[in-house]
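# Summary of structural features
Residue strings, one per chain:
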Amino acid sequence: MDEQAADERRERIVDAKLALAKARFGDRFDQAQWDAIRENILGMTKCGDALRAVPLGNSDEPEIVFVPYRADDPAWGGR
Amino acid sequence: MSVAEGISFATVAELGRMLRSGQISPTELTEHFLERLEQVGTPLNAVVTLTSELALAQARQAEDELAAGIDRGPLHGIPYGAKDLLATAGIPTTWGAAPLQNQIVDRNAAVIVRLREAGAVLVAKLAMVELAGGFGYEQPNAALTGPGKNAWDAEAWAGGSSSGSGAVVGAGAVPFAIGTETWGSITVPAAYNGVSGLRPTYGRVSRRGAMALCWTLDKIGPLARTAEDCATVLAAMAGPDPADVTTFAGTRFPSSGEAPARFRFGILKGSVEAVRPDVRANFEAALGVLAEFADLEEVTMRTLPYDAAASLIVGVEAAAAFEEFIDEGGPLGLTAPEDRVGRVDGLTITAVEYLRALRVRRVASREMDTLLAGFDAIVAPTLPTVASGIAERFDEHFVRDPTASLGAIGNLCGLPAISVPNGFGERALPTGLEFMGRAFEESRVIAAAAAYQARTDWHRRHPDIEG
């Protein structure tokens, strides 16, 4: 995808996410605030694009470890 | 030097000797710092609540115990301040935010409990950027108490989000303070105020009772005059806590013991090109000192979107942690206009985007561990500039080059780091030198910083603040 097409796609995604935010908080913010929110969403979308540029394989897991719970496991401290 | 000045800017170790020699009592010491906080801390917008009654009761107990031969260790009878996101029973815990200024959490945070057990005396809850800066503030006026002023120049920012913690230590209004760091919130105010600040490894210190901004990035650590004092405070706070399961990883990696006969430091290739000339000059001078006791080697890191990963993780987790607050319109009462729309963006990030950030984090963590395994620490300027002006927007001041700081990669990977003062730059403001180490190697970065401080006196310099 060339740069212009990538930019256009990103703008569409930002607008869709902005619509999601407006669906949730439609009457809360004025136009200047919505403009600021759009900038924030654009920034996060660029972060997502940068992360997608890192080659990852199917087995590259997220850095989280789920530990099945047992009350008698000292690591859980009986919580 | 006056007696009062000798107390205000003494280290924890020095104050401990004064207490045990009978030169001063815990009550006198506490009264001194309470007065100092009122006279120099409050004008810096660094204090939320003075805990005078509690502090004097704790000081009297410390005094009685010492008289009875009970010594709880190096923090016994030493006053300190805590960032106002650490819960303290019966005392407001505001998280620096106007909408929460009357919030009282009816319990003590784990670090408050542990410092009490070590005999430390809580004298103040300290100012901070509202909600630990997690809502995207873009200038210093983003706190319940007003913009945090720098200990060296009230026209400069104290840094954030542990603004008060940095300012009061810098101004000699407490011997040490507790801060928290998600991304730069200990090292930045430490560097800006010319003090030592330790960011422990993620999971080294229990976060029970601390405001959550980002569950997988939040750390708690000390700011003090010296690396040695930071080690003393960390030792009192660290350790496993069943209420914070992340603290159990550290039990497999206790202190690594004695410092090496000669250190080995990595110097990040390109790290000085992106910083301001004054910061660069001080860093290069510091390298000259480091070369006296360490081998220095230029290193390169794999280019990865460290900033993007950290930003996205904070964006999502902060939005989740504060979802109810956002839904209820809480942010509309925040001080900074930009914070009032903060984290709405985080609510729109997809789960797949978040998980991708965590997958990249895994790659980054392994790359960094491989690199750091060959060194005692990576060394870099803490920040590319001195503090911004008190009314200056960050985008008008800061260097945005991601290679200019270890902040993103260090926090993304949960690595320990310490910032110590290494000179003065523009507007006679302090600059900082950062040592970042392998996970759970706090003792090694502390030893490295202490070796630097043994050969320099930047940590002995202090502003002339009357009080």
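Residues numbered from 1 in each chain as written. Chains lettered and ligands numbered in written order. Predicted model: local features only at pLDDT ≥ 70, side-chain atom pairs only at ≥ 80, totals over all residues. Heavy atoms only, no water.

## Description of the packing of helix H2 (residues 31-52) of chain A against helix H12 (residues 351-372) of chain B
The interhelical angle for the contact between H2 of chain A and H12 of chain B, taken along N-to-C directions, is 50 degrees, at an axis separation of 10 Å. By the criterion of interaxial angle, the relationship of H2 of chain A to H12 of chain B is oblique. In this structure, H2 of chain A meets H12 of chain B at a crossing whose hand is left-handed. Contact residues: Gly48, Leu51 and Arg52 of chain A in H2 of chain A; Glu353, Arg356, Ala357 and Val360 of chain B in H12 of chain B. Tallied by class, residues from the contact of H2 of chain A with H12 of chain B come to three nonpolar, one polar and three charged. (Axes fitted to C-alpha atoms, helices over the stretch in contact; angles between N-to-C directions. Helix = DSSP H or I, 4+ residues; strand = E, 2+ residues; numbered from the N terminus. Parallel < 35°, antiparallel > 145°, perpendicular 65-115°, else oblique. Left-handed = near helix turned anticlockwise from the far one by under 90°. Contact = heavy atoms within 4.5 Å. Nonpolar A, V, L, I, M, F, W, Y, C, P; charged D, E, K, R; others polar.)

## Remarks on the nonpolar core
Residues and elements named next belong to chain B. Membership of the largest hydrophobic core comes to 121 residues, with the highest contact counts inside it found for Leu86, Leu115, Leu131, Phe176, Phe265, Ile418 and Phe435. If we skip the residues at most four places from it in the chain, Leu131 touches Trp95, Ala97, Leu100, Met211, Leu213, Phe322, Phe325 and Leu334. One finds Leu37, Val123, Ala173 and Ile186 within the second-largest nonpolar core, a separate group that totals 25 residues. (Core = buried A, V, L, I, M, F, W, Y, C linked by side-chain atoms within 4.5 Å. Buried < 20%, exposed > 50% of the residue type's maximum accessible area, 1.4 Å probe, protein only.)

## Side note on unusual backbone geometry
Residues and elements named next belong to chain B. Residues Gly160 and Ser161 are joined by a peptide bond in cis, for which omega reads 10 degrees. For Ser161, the position within the fold is in the loop between strand S3 (121-126) and helix H6 (163-170). We note that Ala428 has phi near 55 degrees; this positive angle belongs to a residue other than glycine. With respect to the helices and strands, Ala428 occurs in the loop between strand S10 (417-424) and strand S11 (430-436).

## A look at the environment of Tyr452 of chain B
With respect to the helices and strands, Tyr452 of chain B occurs in helix H14 (residues 442-454). As for Tyr452 of chain B and Met128 of chain B, which are separated by 324 residues in sequence, their C-alpha atoms are 29 Å apart.

## Section: the pairing of strand S8 (residues 294-299) of chain B
Residues and elements named next belong to chain B. Judged from the six bridges that link them, strand S7 (residues 263-268) and S8 form a sheet pairing that is parallel. Bridging from a neighbouring strand, Ile267 pairs with Glu298 of S8. Crossover handedness for the path S7 to helix H9 (residues 277-290) to S8: right-handed. (Pairing = 2+ DSSP bridges. Right-handed = clockwise from strand over helix to strand, strands pointing away.)

## What to know about the pairing of strand S2 (residues 79-83) of chain B
All names here are of chain B. Burial analysis of S2 places five of its five residues in the buried class, the great majority of the element. Alignment of S2 against S3, held across five bridges, turns out to be parallel. Paired with Pro79 across the bridge in S3 is Val121. Taking the sense of rotation as the criterion, the β-α-β connection linking S2, helix H5 (residues 110-117) and S3 turns out right-handed. As paired elements, S2 and strand S4 (residues 176-181) share three bridges and run parallel to each other.

## Here's the deal with the interface of chain A and chain B
Contacts between chain A and chain B engage 32 residues on the former and 39 residues on the latter. Between chain A and chain B lies a buried interface of about 3,200 Å² when both sides are counted; carbon and sulfur atoms form 65% of it. Put simply, chain A and chain B have five salt bridges between them. Between Glu63 of chain A and Arg366 of chain B there is a salt bridge, and its shortest N-O distance comes to 3.1 Å. Taken together, the connections running from chain A to chain B amount to 13 residue pairs in polar contact (both at pLDDT 80 or more). Put simply, the parts of the chain that give the side of chain A that touches chain B at least two residues each are helix H1 (3-25) and H2 of chain A. The element contributing the most residues to the side of chain A that touches chain B is H2 of chain A, with 11 residues. For the side of chain A that touches chain B, the per-class residue count stands at 18 nonpolar, six polar and eight charged. (Buried area = accessible area lost by both parts, 1.4 Å probe. Salt bridge = Lys/Arg side-chain N within 4 Å of Asp/Glu carboxyl O. Polar contact = N/O pair within 3.5 Å; in protein donor to acceptor, adjacent residues only side chain to side chain.)

## Brief notes about a negative patch on the surface
Residues Glu28, Glu31, Glu35 and Glu38 of chain B make up a contiguous surface patch of negative charge. Examined against the element boundaries, Glu35 of chain B turns out to sit in helix H3 (residues 26-41). (Patch = residues over 30% accessible without salt bridge, like charges linked within 9 Å, V, L, I, M, F, W, Y side chains within 5 Å. Areas by Shrake-Rupley, 256 points an atom, 1.4 Å probe, with all protein chains shown as cover. Lys, Arg positive; Asp, Glu negative; His and termini not counted. Charge placed at Lys NZ, Arg CZ, Asp CG, Glu CD.)

## Remarks on H14 of chain B
Because each turn of an α-helix spans 3.6 residues, side chains separated by three or four positions in sequence point in the same direction. The end-to-end C-alpha distance of H14 of chain B is 18 Å, a good match for the 18 Å that 13 residues give at a rise of 1.5 Å each. Among the residues making up H14 of chain B, those that are buried are Glu442, Arg444, Val445, Ile446, Ala448, Ala449, Ala451, Tyr452 and Gln453 of chain B. (Expected span 1.5 Å × (residues − 1).)

## Focus: the confidence of the model for chain B
Counting all residues, the mean pLDDT for chain B is 95, and 97% of those residues have values of 70 or more. Interface confidence for the predicted complex, given as ipTM, is 0.93, next to a pTM of 0.96. (pLDDT = per-residue confidence, 0-100.)

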